[in-house]
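Architecture at a glance
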Amino acid sequence: MSPGSRDRGGPRRVFLHVGLPKTGTTYLQQVVWANRDRLRSAGVFLPGFGHREHLWAALDLQERPRLARRHADAPGAWRRLVDEASAQTGDVLITHEFLCGASAEQASRAIADFPDAEVHLVVTARDAASVVSAGWQESVKNGSTVDLDAVMAGKAAGGPEFSMLTWDLAGVLERWTPDLPAERVHVLVMPGAGEPRDLHWRHFAEVLGIDPDAYEAPTDAVNPALGIVQIETLRLVNTHLPPYSAQERGVWIRGYLAEDLLARQPRERGGLPERHRARFAELDRAATTLIADRGFHVLGDLSALTADAGGPPGREPDTVTTDELLESASRLVADIVADVRASTGDVPPRRGNL
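I will try to describe carefully the structure that is included in this document. This is a predicted model, so every value here is computed, not measured.

For the bond from G19 to L20, the omega torsion is 20°, close enough to zero to count as cis. Although it is not a glycine, K22 adopts a positive phi angle of roughly 65°. Within the secondary structure layout, K22 lies in the loop between β1 (13-17) and α2 (25-34). Judged by its relative accessible area of 18%, K22 falls in the buried class. Notably, E63 is not glycine yet its phi reads approximately 55°, a positive angle.

Below, the structure is given as structure tokens:
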């Protein structure tokens, strides 16, 4: 912070939580937005009207074309957050995982937009195999038809936020950190299976300088995964769907087809092909080396990023059979028909496995 900046007003500290995607970001955002007023009382302000404006701001910072198609108010969202944040005298938090898709120039500009504040970067992290596996599945839930091998080959599965650009921890840190001292870069490693469920929130609260026990954190899983058969079914269904707006994709593909109907089916966890193991190990080594060499502030077990370059155990996508796809698709059609019938008011919606 520059000398005399307090006399000019503006926020004391600005925390930019930039992701990565699929590293507990939804969980943390659920806590902070549910407790926005309490956080403000504790001296941490979230600008904007809500989570969606932070999403718009992330895309606006990256100068995405056709942003107005999302909403008429989406263009200019980044400047609105900056202006609202700059009117504060306490701390400010801006949080959305799509921010990690920013280029080095865009990231530098974002930091420079708060010249009189102490800017901190918060990056939530997990091993590359888990990020890519979960991120690819998320892309399918958002309408993508791209398979995992194509993603590994560098093809985006529905925009930069669903690509290796945003799933490469070292790359994100390299783009976002040149203008920041090491002590203001916080890497929060996702807790492992045997660690307390709220540890991620406790680490996040520690960075913000607030009491984690003053806020209620979710106990249930946020944004649960589908089974590998259901993901492959949905990917095929997506090839036959007409173009949807971002809002429509969220309601009909992600919400209705994926997280309602397909989530009811028996699930078998997906895994990653052995042939990609070396690439994941390389990504994890690059990230941990960069973090250690630069001396970034780490919360959690950094060695967890390199514990298993094979990712979570489970079936590989190319082992899903035609019979399994047919069974899943049949269940999906039957549930849709049941819901259409129920929409006439004759019978209640059908729930549960068929």
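Still to come is the rest of the account.
This brings us to the side chain of N35. Considering the arrangement of structural elements, one finds N35 in the loop between α2 and α3 (36-41). Owing to a relative accessible area of 11%, N35 belongs among the buried residues under this scheme. Not counting the four nearest positions on each side in its chain, N35 is found in contact with Y215 and E216.

A few words now on the packing of aromatic side chains. In the structure shown here, the tally under the stated rule is six aromatic pairs. Here F49 and W56 contribute two aromatic rings whose centre-to-centre distance is 5.5 Å and whose plane-to-plane angle is 70°, an arrangement assigned as edge-to-face. Taking relative accessible area as the criterion, W56 reaches 5% and is therefore assigned buried. A ring pair is formed by W201 and Y215, whose centres lie 5.7 Å apart and whose planes are at 75°; its orientation type is edge-to-face. Here W201 is found in helix α11 (residues 199-208), whereas its partner Y215 is found in the loop between α11 and α12 (228-238), with 14 residues between them in sequence. When its relative accessible area of 2% is taken as the criterion, W201 is described as buried. Judged by relative accessible area, Y215 falls into the buried class, the value being 8%.

As a further point, take the pairing of strand β3 (residues 91-95). In terms of residue burial, β3 counts as a mostly covered element, since five of its five residues are buried. Note: β1 against β3, five bridges, orientation parallel. Each residue of the ladder has a partner; that of V14, found in β3, is V92.

Once that is clear, we can look at the nonpolar core. Counting residues in each nonpolar core, the largest one holds 48 residues, and the members touching the most others are L16, V18, W78, F114, L169, L173 and W176. Per-element accounting of this core gives the leading share, six residues, to helix α4 (residues 51-61). Contact partners of L169, with chain neighbours within four places excluded, come to L20, V123, A125, A287, I291 and L305. With 31 residues, the next largest nonpolar core counts V131, L226, I253 and L261 among its residues.

Before going further, it helps to spend a moment on α2. Counting buried positions over the 10 residues of α2 gives seven, a clear majority of the element. Among the residues of α2, those classed as buried are T25, Y27, L28, Q29, V31, V32 and W33. Summarising the contacts, the buried residues of α2 are in contact with β1, α3, α4, β3, β4 (118-125) and α11.

Now for helix α14 (residues 277-294). A rise of 1.5 Å per residue sets the reference length of α14, with its 18 residues, at 26 Å; its end C-alpha atoms lie 26 Å apart and thus fit the reference within 8%. Within α14, burial applies to F280, A281, L283, D284, A287, T288, L290 and I291. Where the residues of α14 are buried, they touch α7 (128-141), α8 (148-152), α9 (164-167), α10 (169-176), β5 (185-189) and β6 (297-299). G295 lies just past α14 and shows a positive phi near 75°.

One open sheet accounts for six strands, arranged β2-β3-β1-β4-β5-β6; its pairing is parallel. Because the sheet does not close on itself, it has two edges, and the strands there are β2 (44-45) and β6. Alignment of β2 against β3, held across two bridges, turns out to be parallel. Bridging from a neighbouring strand, V44 pairs with D91 of β3. Sitting on the sheet, α2 touches β1, β3 and β4, and the angle it makes with β3 is about 140°.

What follows covers the pattern of salt bridges. Working definition: two side chains of opposite charge can pair if their charged atoms are close together. Overall, the coordinates contain 25 salt bridges when judged by the stated rule. Note that R64 is salt-bridged to E161, the shortest N-O span being 2.9 Å. One end of the pair, R64, is in the loop between α4 and α5 (77-86); the other, E161, is in the loop between α8 and α9, and 97 residues separate them in sequence. Like R64, the residue E161 is buried in the burial classification. Through salt bridges with shared partners, one network takes in K22, E138, K141, R254 and E259.

Each value, and the rule that gives it
- Residues numbered from 1 in each chain as written.
- Predicted model: local features only at pLDDT ≥ 70, side-chain atom pairs only at ≥ 80, totals over all residues.
- Heavy atoms only, no water.
- Helix = DSSP H or I, 4+ residues; strand = E, 2+ residues; numbered from the N terminus.
- Buried < 20%, exposed > 50% of the residue type's maximum accessible area, 1.4 Å probe, protein only.
- Contact = heavy atoms within 4.5 Å.
- Phe/Tyr/Trp six-rings, centres within 6.5 Å; stacked < 30°, edge-to-face > 60°.
- Pairing = 2+ DSSP bridges.
- Core = buried A, V, L, I, M, F, W, Y, C linked by side-chain atoms within 4.5 Å.
- Expected span 1.5 Å × (residues − 1).
- Axes fitted to C-alpha atoms, helices over the stretch in contact; angles between N-to-C directions.
- Salt bridge = Lys/Arg side-chain N within 4 Å of Asp/Glu carboxyl O.

Just distances and angles here, no functional claims.
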